[in-house]
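Topology and contacts: notes
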Amino acid sequence: MDGKTLGERVARARVDLDLTQEHLANRVGIERTALGRIEKGERKVSAVELVELAAALGVPLAWFVRDPLPAVVSRRTDAAPSHEVTAGLDRQLELFSGDVAALLATGVIAGEDRERVWRLPRDHTEAETTAAQVRKHLGASDTPLLDLARTAERFGLYSCSLPLGAGGADGALVEVAGGVAAAVIDGDPKVGRRRMSLAHELGHWLFGDPYDVGAQDAERMINSFAAHFLAPRSGVTMAWGCDPSRSVRDKAVFVAGAFRMSWTAAILHLRNLNLITDTDYRALETRLPVPGEFAKLGITLNADELKAPSLSPGITAAIIEAYVDRRMSAARATELLRGSLAEDELPEQRIESAADYVSL
């Protein structure tokens, strides 16, 4: 990477972190004027300074030399995100997608060209039909999908759940290469919302619009697909009617818990399926269920699914396997795992053999 490109990356990361030149220069141990020349591409950076810059900006060294990937493509949040929110998400997505690209290039994970067979739904009926088709492709019944990150990996979508802070956007997606995409989702909300975020990003990937930030109509259709994908009509209807003696609220709580949906998404889905009235919906939305309501109905919530920090299981297993096989250092493995495992939690590496020292 030339000095100008490196300098541009330093400047962008500094602005994203809301750091002044003087603040960053002090962290790195150089003069502010020297940092200014680095950002303009007028001054070379020593190896020691590069290490200090990486630490100060919270990025791996490899970030400075990676080819840039296409920009962030989808964001979903209930409110318009601020610059700090989107910049932070963009940065995390760039880092994670760069890691995925590096793992592809080194053969730790494999890409696969996939033919896109689904198009963006034009209405809610098409959204439901498409969700049923995708479930059929997976060989899934109408029961809950209990490991959504693993399911997404079957379509080449690797995910990373990170704490993005209060008011953060729910998720973002970018295509990497070879039929592979990377998504970052906010791991701070409750599990139902995390699952909805990943299902939404999967919709973007399946419909072949990973570089389209999306009009509101498109976002609504992808949300509709995500709801039907997580909770198909037949399964929801069966869960709703399994005990007619239950109150409307208890039935709604049971559906939300059984299909691991957020309360907002669950009751909206029930209204769209005509299982509750508008009056029911307004009454239900005023009060979120408490854990005891799920326990009363025999529902055990898996609060750890997509909990931050975590990576989807396939890429996690591939990283650990590369470490065990001595193709990766412990420091690199834990860096890639985003803090979900510490070095002392990694399994033992295989015993070295003479073949490790043979140059082919």
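Conventions we followed
Residues numbered from 1 in each chain as written. Predicted model: local features only at pLDDT ≥ 70, side-chain atom pairs only at ≥ 80, totals over all residues. Heavy atoms only, no water. Pairing = 2+ DSSP bridges. Helix = DSSP H or I, 4+ residues; strand = E, 2+ residues; numbered from the N terminus. Salt bridge = Lys/Arg side-chain N within 4 Å of Asp/Glu carboxyl O. Buried < 20%, exposed > 50% of the residue type's maximum accessible area, 1.4 Å probe, protein only. pLDDT = per-residue confidence, 0-100. Contact = heavy atoms within 4.5 Å. Arc of directions from axis to C-beta. Polar contact = N/O pair within 3.5 Å; in protein donor to acceptor, adjacent residues only side chain to side chain. Core = buried A, V, L, I, M, F, W, Y, C linked by side-chain atoms within 4.5 Å.

1. A look at the sheet that holds strand 2 (residues 171-177)
- Here four strands make up an open sheet; going across it, the order is 2-3-1-4 and the pairing mixed. Each having just a single partner strand, strand 2 and strand 4 (310-311) make up the two edges of the open sheet.
- The pairing of strand 1 (residues 157-162) with strand 4 spans two bridges and is antiparallel. Looking at the pairing, Ser-161 lines up with Ser-310 of strand 4.

2. Quick word on the pattern of salt bridges
- Across all of its chains, the model carries 20 salt bridges by this definition.
- For Asp-217, the salt bridge is made with Arg-220, and the minimal N-O distance between the two is 2.0 Å. Within this pair, Asp-217 and its partner Arg-220 are both found in helix 9 (residues 216-230), separated by three residues, close to a single helical turn.
- Arg-220 sits in the partly exposed class, given a relative accessible area of 45%.
- Between Arg-327 and Asp-325 there is a salt bridge, with the nearest N and O atoms lying 3.0 Å from each other.
- Counted as one network, the salt bridges with shared partners bring together Asp-99, Arg-332, Glu-335 and Arg-338.

3. Re the confidence of the model for the protein chain
- Of all residues in the protein chain, 87% attain a pLDDT of 70 or more, and the chain-wide mean is 87.
- In the model, residues 79-83 has pLDDT below 50 throughout and makes two contacts with residues more than four positions away in sequence or in other chains.

4. Brief notes about helix 10 (residues 233-241)
- Considered for burial, the residues of helix 10 that qualify are Gly-235, Val-236, Ala-239 and Trp-240. The arc that holds the buried residues of helix 10, viewed along the axis, is 135°, so those residues lie on one side.

5. Overview of the environment of Asp-325
- Along the chain, the position of Asp-325 falls in the loop between helix 15 (313-324) and helix 16 (330-336).
- Its relative accessible area of 31% is what places Asp-325 among the partly exposed residues.
- In this structure, the C-alpha to C-alpha distance between Asp-325 and Gln-349, residues 24 residues apart in sequence, is 6.3 Å.
- Of the polar contacts made by the side chain of Asp-325, one reaches the side chain of Arg-350; its length is 2.8 Å.

6. Let's talk about the nonpolar core
- Core analysis: the biggest nonpolar cluster contains 52 residues, and Val-134, Phe-155, Leu-157, Leu-206, Phe-225 and Phe-229 have the highest contact counts within it.
- Val-184, Ile-320, Tyr-323 and Leu-337 belong to the second-largest nonpolar core, a separate cluster that totals 30 residues.

7. Looking at the pairing of strand 2
- In terms of burial, strand 2 is a largely internal element, five of the seven residues being buried.
- Counted along the chain from strand 2 to the antiparallel partner strand 3 (residues 180-186), the turn is two residues long, and its residue Gly-178 has a positive phi close to 55°.

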